[in-house]
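# Architecture and fold: a report
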Amino acid sequence: MALYSEKVMDHFRNPRNVGVLEDANGVGTVGNAKCGDIMKMYLKIEDDIVKDVKFETFGCGSAIASSSMATELIKGKPVEEARKLTNKAVAEALDGLPDYKMHCSVLAQEAIEAALKDYEEHNL
Amino acid sequence: MIYADNAATTKMSEVSLKTMISLMEDTYGNPSSLYSFGQTAKEVLEKARADVAEAIGAQPQEILFTSGGSEADNQAIITAAKLGAAKGKKHIISTAFEHHAVLHTLNKLKKEGYEITLLDVHENGVVLPEQVEEAIREDTALVTVMYVNNEIGTIQPVREIGAVCRKHGVLFHTDAVQAVGHIRVNVEEDNIDMLSASGHKFHGPKGTGFLYAKKGIRLVNLIEGGAQEKGRRAGTENVPGIAAMAAALTEAVANLDEYKAKLTPVRDKIIAGLNEIPHSAINGDVARRVPGNVNFCFEGIEGESLLLLLDDKGIAASSGSACTSGSLDPSHVLLAIGRVHDVAHGSLRLSIGEDITDEDADYIIKSVKEVVEYLRGFSPVWRDLVAGKGQFIL
């Protein structure tokens, strides 16, 4: 059995929405280098819609894949929907993560929450 | 595939594989049986014991076959602890970067009331004999220091440490799993009382290993039962595995000079190539290391992603990152040589073998450079460092 599902490997090898969003109006960073995972989410929100999203991640394969999948799940969606994204939804969309890697999906959820909070603090 | 994880395990050598298969086919007798078919197996077993002994400069009766390095480490340490306790000595000296087979056994003893001193291994990953001498007390029962570190490949001054132990009358054990079959080891010249080794680290089969215990040391059993191994380890002997291990070891020891001459320049080429990567550093002393080991830290990236992408490029390697250890902490070895967590997560160990070519080395260097650059390209840690928001460590 492989370490990760095909989907995890696909998102790890070909991460979607990777990079920096120069005109982001909501940015959130979670995790720390000590534990080996840092995720940074950039959101561009217009008319309560996540118009664009990008991420940067320092971390293992599942951390990169979780970030990538999370961006896909919220891109083009209403802010309200993005707010409700759970780590479970991220993990399920990846066809599951090993138990000891579930925290990667939690980090993805938290990174989006942090970016939304930043948006609200600066734009509402 | 370029297999660069020989410190994890090695491919069985041809002679080892042939020995094993032929014995499984034709010599399946029980060495404890009286009839000649059993006694043939016994002869094979004793020939293997003599060969293993010769490979490390020991006497055959000083070799005990085990299931591998971990069992040998456990038995050596438990033996010394019990022998010490009988004389009221319950202090053990070791180092901070031993294999877990040693460290976890010492932890168990600590819970049983033993006092454990773990010596610092410095930035270069080498413990000094003077440190051992300073740490020895009246109640020291054992000094256990690995011959070669399994992650960073540094060679410890075992002979000098052994001399210090002899001078003070303290038992000396060395976990030589990464040394035997890779560098010259001689228990007499190296002043070693007990030594652990593992077959599959030198092209023998998995599930085999041995413990050398100097004549006069009464080993404590870990496995009770029959009278095999002179009553020091019960259970029918793994005759094909043991003979295959002995065959592999004999061959490895005969070729030590050739092995060193072939691997050292390739190793140094890889080290020089990876040194060109900005904000990277080699782990462990460059000179005092086994011919096959390369270990680096790259700032701003994480080791597991590095390994997965190298795997995609056909390179099998390992890392000391937390994600590869299944815990939140990176390798205790890298922490012991003073690498901070942030940097230790971005480590890479390449342990090359005899089949490595110069072209392989070029390909490894090129691939690692590409992958490190790619991962840094979307690492928020790297971006901050480049932007001056934070200090580079390497």
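Residues numbered from 1 in each chain as written. Chains lettered and ligands numbered in written order. Predicted model: local features only at pLDDT ≥ 70, side-chain atom pairs only at ≥ 80, totals over all residues. Heavy atoms only, no water.

## Thoughts on the overall build of chain B
Test applied: Numbering of helices and strands starts at the N terminus; helices are DSSP runs of H or I of at least 4 residues and strands are runs of E of at least 2. The atom set for the radius of gyration is the C-alpha atoms, and the globule formula is 2.2 Å times the number of residues raised to the power 0.38. Note on classification: 1.4 Å probe, protein chains only; a residue is buried when its accessible area is under 20% of the maximum for its type, exposed when over 50%, partly exposed between these limits. Between two residues, a contact is recorded if the distance between any of their heavy atoms is within 4.5 Å. Accessible surface area values rest on a Shrake-Rupley calculation with a 1.4 Å probe, where residue burial reflects the displayed protein chains alone. For the purpose of charge, His is not counted, nor are the chain termini; Lys and Arg are scored as positive and Asp and Glu as negative. The location of each charge is read from NZ of Lys, CZ of Arg, CG of Asp or CD of Glu.
Within chain B, the secondary structure is distributed over 14 helices and 12 strands. In terms of C-alpha radius of gyration, chain B reaches 22 Å, essentially the compact-globule figure of 21 Å for 394 residues. In terms of overall dimensions, chain B has C-alpha extents of about 75 × 50 × 35 Å along its principal axes. Residues classed as buried in chain B amount to 60% of the 394 residues present. In chain B, 72% of the contacts between residues at least 6 apart in sequence involve partners at least 24 apart. A total accessible area of about 15,800 Å² is found for chain B, and carbon and sulfur atoms account for 53% of it. Of the side-chain charges in chain B, 39 are positive and 53 negative, and the distance between the mean point of each set is 4 Å.

## Notes on the packing of helix α8 (residues 256–275) of chain B against helix α13 (residues 358–376) of chain B
All names here are of chain B. Worth spelling out the cut-off: Axis lines are fitted to C-alpha atoms, over the contacting stretch for helices. Their N-to-C directions set the angle, which ranges from 0 to 180 degrees. Small angles under 35 degrees read as roughly parallel and large ones over 145 as roughly antiparallel, with 65 to 115 read as roughly perpendicular and the rest as oblique. Here a crossing is called left-handed whenever its near helix is offset anticlockwise from the far helix by less than a right angle, and right-handed whenever the offset is clockwise. Gly is put with the polar residues, along with every residue not named as nonpolar or charged; the nonpolar set is Ala, Val, Leu, Ile, Met, Phe, Trp, Tyr, Cys and Pro, and the charged set is Asp, Glu, Lys and Arg.
In contact at an axis separation of 9 Å, α8 and α13 are set at 20° when each is read in the N-to-C sense. What the angle tells us is that α8 and α13 run roughly parallel. The chirality of how α8 crosses α13 is right-handed. Contacts from Val-266, Lys-269, Ile-270, Gly-273 and Leu-274 in α8 reach Asp-358, Ala-361, Asp-362, Ile-364, Ile-365, Val-368 and Lys-369 in α13. Its residues assigned to classes, the contact of α8 with α13 comprises seven nonpolar, one polar and four charged.

## Things to note about the packing of helix α1 (residues 6–13) of chain A against helix α2 (residues 61–74) of chain A
All names here are of chain A. With their axes 8 Å apart at the nearest point, α1 and α2 run at an angle of 85° to one another. Between α1 and α2, the angle is such that the two are roughly perpendicular. For the pair α1 and α2, the contacting residues are Lys-7, Val-8, His-11 and Phe-12 in the first and Gly-61, Ser-62, Ile-64, Ala-65, Ser-68, Met-69 and Glu-72 in the second. Its residues assigned to classes, the contact of α1 with α2 shows five nonpolar, four polar and two charged.

## With respect to the confidence of the model for chain B
In regions of low pLDDT, the predicted coordinates are not meant to be interpreted in detail. Defined as follows: pLDDT is defined as a per-residue confidence score from the predictor, taking values between 0 and 100.
Looking at chain B, pLDDT values average 97 and 99% of them are 70 or higher. The ipTM, which scores confidence in the relative placement of chains, is 0.96 for this predicted complex, and the corresponding pTM is 0.96.

## Description of empty space enclosed by the protein
Residue and element names in this part refer to chain B. Put simply, the rule reads: For cavity detection a 1 Å grid was placed over the protein atoms alone, and a set of points counts as a cavity when a 1.4 Å probe fits there but cannot get out; an open set counts as a pocket when protein lies on both sides within 12 Å along at least five of seven lines, with lining residues being those that have an atom within 4 Å of a point. Grid points are joined across faces, edges and corners, and a volume is the space filled by probe spheres set on the points.
Under the criterion given, the structure shown has three cavities of 30 Å³ or more. When its volume is computed, the largest cavity comes out at roughly 140 Å³. Lining the largest cavity we find 15 residues, and of these Ala-7, Gln-178, His-182, Val-290 and Ser-351 sit closest to its centre. Across the lining of the largest cavity, the residue classes break down as six nonpolar, nine polar and no charged.

## Description of the packing of aromatic side chains
Here is the rule: Centre distance within 6.5 Å is the pairing criterion for rings of Phe, Tyr and Trp, where only the six-membered ring of Trp is used; planes under 30 degrees apart are then read as stacked, over 60 as edge-to-face, and the remainder as tilted. We call a charge positioned over a ring when the NZ of a Lys or the CZ of an Arg lies within 6 Å of the ring centre and within 35 degrees of the ring normal.
Inspection of every chain in the model, using the stated rule, returns five aromatic pairs over all chains. Pairing A:Phe55 with B:Phe378 gives two aromatic rings, centres 6.4 Å apart and planes at 75°, and the pair type is edge-to-face. Placement of the pair is A:Phe55 in strand β3 (residues 49–58) and B:Phe378 in the loop between α13 and α14 (380–386), with the two residues belonging to separate chains. Exposure remark for A:Phe55: the relative accessible area of 0% places this residue in the buried category. Taken together, a centroid distance of 4.9 Å and an interplanar angle of 75° make the contact between B:Tyr28 and B:Phe37 edge-to-face. Since its relative accessible area comes to 62%, B:Tyr28 is described here as exposed. The side chain of B:Lys90 reaches across the aromatic face of B:Tyr114, ending 4.8 Å from its centre. For B:Arg376, the ring lying beneath its charged end belongs to B:Trp382, and the centroid distance is 3.9 Å.

## Here we look at the sheet that holds strand β4 (residues 115–119) of chain B
Across a sheet, paired strands are connected by hydrogen bonds in the backbone, their directions being either parallel or antiparallel. Residues and elements named next belong to chain B. Rules: Strands are labelled as partners when DSSP assigns at least two bridges between them.
Taken together, seven strands build an open sheet; the order of strands is β2-β8-β7-β6-β5-β3-β4 and the sheet is mixed. One side of each edge strand has no neighbouring strand; the edge strands of this open sheet are β2 (63–66) and β4. Within the sheet, the average angular offset between the axes of one strand and its neighbour, ignoring direction, is 20°. Here β2 pairs with strand β8 (residues 209–213) via four bridges, running antiparallel. Note that in β8 the partner of Ile-63 across the bridge is Tyr-212.

## Things to note about the pattern of salt bridges
Stated precisely, the cut-off is as follows: A pair is scored as a salt bridge if a Lys or Arg side-chain nitrogen falls within 4 Å of a carboxyl oxygen belonging to Asp or Glu.
For the structure shown, the criterion picks out 30 salt bridges over all chains. A salt bridge links B:Glu304 to A:Lys101; the nearest nitrogen and oxygen atoms lie 2.8 Å apart. Placement of the pair is B:Glu304 in helix α9 (residues 303–312) and A:Lys101 in the loop between α4 (87–93) and α5 (102–123), with the two residues belonging to separate chains. No difference in accessibility class separates B:Glu304 from A:Lys101, as the two residues are buried.

## Description of the confidence of the model for chain A
Averaged over all residues, the pLDDT of chain A equals 95, while 99% of them reach at least 70. Ranking the elements of chain A by mean pLDDT puts strand β1 (residues 26–32) of chain A last with 95 and β3(A) first with 98.

## A word on helix α1 (residues 14–26) of chain B
All names here are of chain B. The cut-off we apply is this: Here the expected span of a helix is defined as 1.5 Å times the quantity of residues minus one. The arc in question is the one spanned by the directions pointing from the helix axis to the C-beta atoms.
Over its 13 residues, α1 extends 18 Å from the first C-alpha to the last, a length consistent with the 18 Å expected when each residue adds 1.5 Å. For α1, the complete set of buried residues consists of Ser-16, Met-20 and Leu-23. Each buried residue of α1 sits inside an arc of 75° when the element is viewed along its axis, so together they form one side. More than 90 degrees from the buried face of α1, the exposed residues found are Glu-14, Lys-18, Glu-25 and Asp-26. On its buried side, α1 packs onto α2 (36–56) and α7 (239–254).

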